[in-house]
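# Breakdown of the fold
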2 protein chains.
Amino acid sequence: MRLAVLVSGHGTNLRAIHRAIEAGSLPATLALVTADRAAPALDWAKGQGLATFFADARRVGMPRWERDVLAELDRQRVDAVALAGFLRILSPAFVDRFPGRVVNVHPSLLPAFPGLDAIGQAMRYGVRVTGVTVHLVDHGLDAGPIVLQEAVGIGPGESLEELETRVHAVEHRLLPEALRLLALGRLDVQGRIVHIAEG
Amino acid sequence: MRLAVLVSGHGTNLRAIHRAIEAGSLPATLALVTADRAAPALDWAKGQGLATFFADARRVGMPRWERDVLAELDRQRVDAVALAGFLRILSPAFVDRFPGRVVNVHPSLLPAFPGLDAIGQAMRYGVRVTGVTVHLVDHGLDAGPIVLQEAVGIGPGESLEELETRVHAVEHRLLPEALRLLALGRLDVQGRIVHIAEG
């Protein structure tokens, strides 16, 4: 599996993917790292000698950004895409270029708390349990078929920062694991339901 | 705490409340069991020698049903209400008679899957984790401040019936526990957030 990782920030999920590949648990090649804004993750990727591509989506506009990125994905023969803290919504046309092979990680138990600041949303709602979802991207916002989920309990008096740390730690485990299942061809999608074949 | 339990069906949550009272873990008196329809739970309650009140809400209409039930709650000096598999929506006027003292149990991790057939909704959505929520009832549907939640993972290939059994078992534990916290005066509600005082 030749994987592209799309980032917007520090790239801690990108690093988790990289670690899983280095450790041999994720049978994939990190073929490209790309960002929609000047992200620290890009500098880290360059420092690792990874192929990177960057255009500022706010400056060039999202249609041109997607066109340029798609050309680069073709050039690098990418066949799966991971959104790792990527804060923009991809167009249906982009998603349809990799059917069932665009994976997103979201810091809540979807369908609860879609969109931005999911951990803050959960805290303000007053839930006792939140978590992490890794799902295949379709044309909806944080709405595609779910590959993996894991619950994270919220302790009494826990701060937003403490909760964020624990949720992100689960993301860093779940996203590489979902990508591993995709790479091994173990995901069988039937409508909204993802069956995981025995390993 | 003089507790009324409102039911629509078999009353397995009612029985769990009754067991907790008998076992001494829930310091409350089961002052009244009432139903909106001819429910097996009512027969069971009568068999236990509990006070019951029944009017068919479909026949008399919900406004008259609520008026008659409120009169009975006054007569029995009820000061807290548990909705235990009660399938109707109470009016704001009814809820406001017991501010912060109407408790509902819902078979999902709210705000995901409000309304009827929450377990089936979760299965059809394809989540890997669902659960149980006990919350205080406000004027919204399954929307009030959350007292307790517990996650229930969905196993690969698990049937709806198997999942329902496991979710209901958690309900039977969580609802009496939340009522115990209410009875002990340990719930401190600040907006949407319920703080639980140390025991």
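In this report, the structure presented in the accompanying data block is examined. (Residues numbered from 1 in each chain as written. Chains lettered and ligands numbered in written order. Predicted model: local features only at pLDDT ≥ 70, side-chain atom pairs only at ≥ 80, totals over all residues. Heavy atoms only, no water.)

### Some details on the overall build of chain A
Assigned secondary structure in chain A consists of seven helices and nine strands. For chain A, the C-alpha radius of gyration of 16 Å lies close to 16 Å, the compact-globule estimate for 199 residues. Along the first, second and third principal axes, the C-alpha atoms of chain A reach 50 × 40 × 35 Å. Long-range contacts, defined here as pairs at least 24 residues apart, represent 60% of the contacts in chain A between residues at least 6 apart. Split by element, the accessible area of chain A, about 8,700 Å² in all, is 52% carbon and sulfur. Looking at chain A, you have 21 positive and 22 negative side-chain charges, and the mean spots of the two groups are 4 Å apart. (Helix = DSSP H or I, 4+ residues; strand = E, 2+ residues; numbered from the N terminus. Rg over C-alpha atoms; globule rule 2.2 N^0.38 Å. Contact = heavy atoms within 4.5 Å. Areas by Shrake-Rupley, 256 points an atom, 1.4 Å probe, with all protein chains shown as cover. Lys, Arg positive; Asp, Glu negative; His and termini not counted. Charge placed at Lys NZ, Arg CZ, Asp CG, Glu CD.)

### Some thoughts on the nonpolar core
By size, the foremost hydrophobic cluster in this structure holds 99 residues, and its most contacted members are Val-5, Leu-14, Ile-17 and Leu-179 of chain A together with Val-5, Leu-14 and Ile-17 of chain B. Once you skip the residues sitting within four places of it in the chain, Val-5 of chain B turns out to touch Leu-14, Ile-17, Leu-30, Leu-32, Val-33, Thr-34, Ala-82 and Ala-84 of chain B. (Core = buried A, V, L, I, M, F, W, Y, C linked by side-chain atoms within 4.5 Å. Buried < 20%, exposed > 50% of the residue type's maximum accessible area, 1.4 Å probe, protein only.)

### Let's talk about the pattern of salt bridges
Summed over all chains, the structure comprises 20 salt bridges over all chains. The partner of Arg-101 of chain B in a salt bridge is Asp-79 of chain B, with the nearest N and O atoms 3.9 Å apart. Here Arg-101 of chain B, found in the loop between helix 5 (92-96) and strand 5 (102-106), pairs with Asp-79 of chain B, found in the loop between helix 4 (62-75) and strand 4 (80-83); they are 22 residues apart in sequence, far enough to count as distant. Taking relative accessible area as the criterion, Arg-101 of chain B reaches 26% and is therefore assigned partly exposed. For Asp-79 of chain B, a relative accessible area of 32% gives the class partly exposed. Here Glu-158 of chain B makes a salt bridge to Arg-166 of chain B, at a shortest N to O gap of 2.8 Å. We classify Arg-166 of chain B as partly exposed; its relative accessible area is 37%. A single salt-bridge network, built from bridges that share partners, covers Asp-36, Arg-37 and Arg-88 of chain A. (Salt bridge = Lys/Arg side-chain N within 4 Å of Asp/Glu carboxyl O.)

### What to know about the side chain of Asp-142 of chain B
Residue and element names in this part refer to chain B. Locating Asp-142 in the fold gives a position in the loop between strand 6 (129-136) and strand 7 (146-153). Buried within the structure, Asp-142 lacks any salt-bridge partner; Arg-192 is the closest side chain of opposite charge, at an N-O distance of 11 Å. Of note is the side chain of Asp-142, whose polar atom sits 3.4 Å from the side chain of Asn-104. (Polar contact = N/O pair within 3.5 Å; in protein donor to acceptor, adjacent residues only side chain to side chain.)

### Description of the side chain of Glu-72 of chain A
Residue and element names in this part refer to chain A. Relative to the assigned elements, Glu-72 resides in helix 4 (residues 62-75). Of the residues examined, Glu-72 reaches a relative accessible area of 9% and is grouped as buried. In contact with Glu-72, not counting residues within four places along its chain, are Leu-32 and Phe-53.

### Digging into the sheet that holds strand 4 of chain B
Residues and elements named next belong to chain B. The strand order 3-2-1-4-5-6-7 describes an open sheet built from seven strands, whose pairing is mixed. For this open sheet the edge positions go to strand 3 (52-54) and strand 7, each flanked by a neighbour on one side alone. Here the average twist between neighbouring strands, direction ignored, is 15 degrees. Where strand 5 and strand 6 come together, four bridges link them in antiparallel fashion. Bridge pairing in strand 6 links Val-105 to Val-134. (Pairing = 2+ DSSP bridges. Axes fitted to C-alpha atoms, helices over the stretch in contact; angles between N-to-C directions.)

### Thoughts on the interface of chain B and chain A
Taken together, the 24 residues of chain B in the interface contact 24 residues of chain A. Summing both partners gives a buried area of about 1,800 Å² for chain B against chain A, and 58% of it is carried by carbon and sulfur. At the junction of chain B with chain A, the criterion picks out zero salt bridges. Linking chain B with chain A are 10 residue pairs in polar contact (both at pLDDT 80 or more). Residue assignment for the side of chain B that touches chain A shows that the elements contributing at least two residues are helix 6 (118-125), strand 7 and strand 9 (193-196) of chain B. Counting residues per element, the side of chain B that touches chain A draws most heavily on strand 7 of chain B, at six residues. Across the side of chain B that touches chain A, the residue classes tally to 17 nonpolar, two polar and five charged. (Buried area = accessible area lost by both parts, 1.4 Å probe. Nonpolar A, V, L, I, M, F, W, Y, C, P; charged D, E, K, R; others polar.)

### Side note on the environment of His-195 of chain B
All names here are of chain B. Tracing the backbone through its elements, the reader meets His-195 in strand 9. Put simply, His-195 and Ile-146 are 49 residues apart on the chain and 9.7 Å apart in space, counted from C-alpha to C-alpha. Residues within four places of His-195 in sequence aside, it is in contact with Arg-186, Leu-187, Asp-188 and Gln-190.

### Thoughts on the relation of the copies chain B and chain A
For the match of chain B to chain A, the screw axis carries a shift of 0.0 Å, the RMSD comes to 0.0 Å, and the turn is 180 degrees. This pairing of chains is accounted for by a two-fold axis. For chain B, the smallest separation between a C-alpha atom and the rotation axis is recorded for Ala-112 of chain B, amounting to 2.5 Å. Of the interface residues in chain B, 100% have counterparts in chain A that sit at the interface too, so the contact is made through matching surfaces. (Least-squares fit on C-alpha atoms with pLDDT ≥ 70 in both.)

### Things to note about the packing of aromatic side chains
Applying the stated criterion to the full structure yields six aromatic pairs over all chains. Both rings, one in Phe-94 of chain A and one in Phe-98 of chain A, keep their centres 6.3 Å apart while their planes meet at 45 degrees; by these two values the pair is tilted. Accessibility expressed as a relative area gives 7% for Phe-98 of chain A, which makes it buried. Aromatic side chains Trp-65 of chain B and Phe-86 of chain B sit 5.5 Å apart centroid to centroid with 25 degrees between the ring planes, which places their arrangement in the stacked category. (Phe/Tyr/Trp six-rings, centres within 6.5 Å; stacked < 30°, edge-to-face > 60°.)

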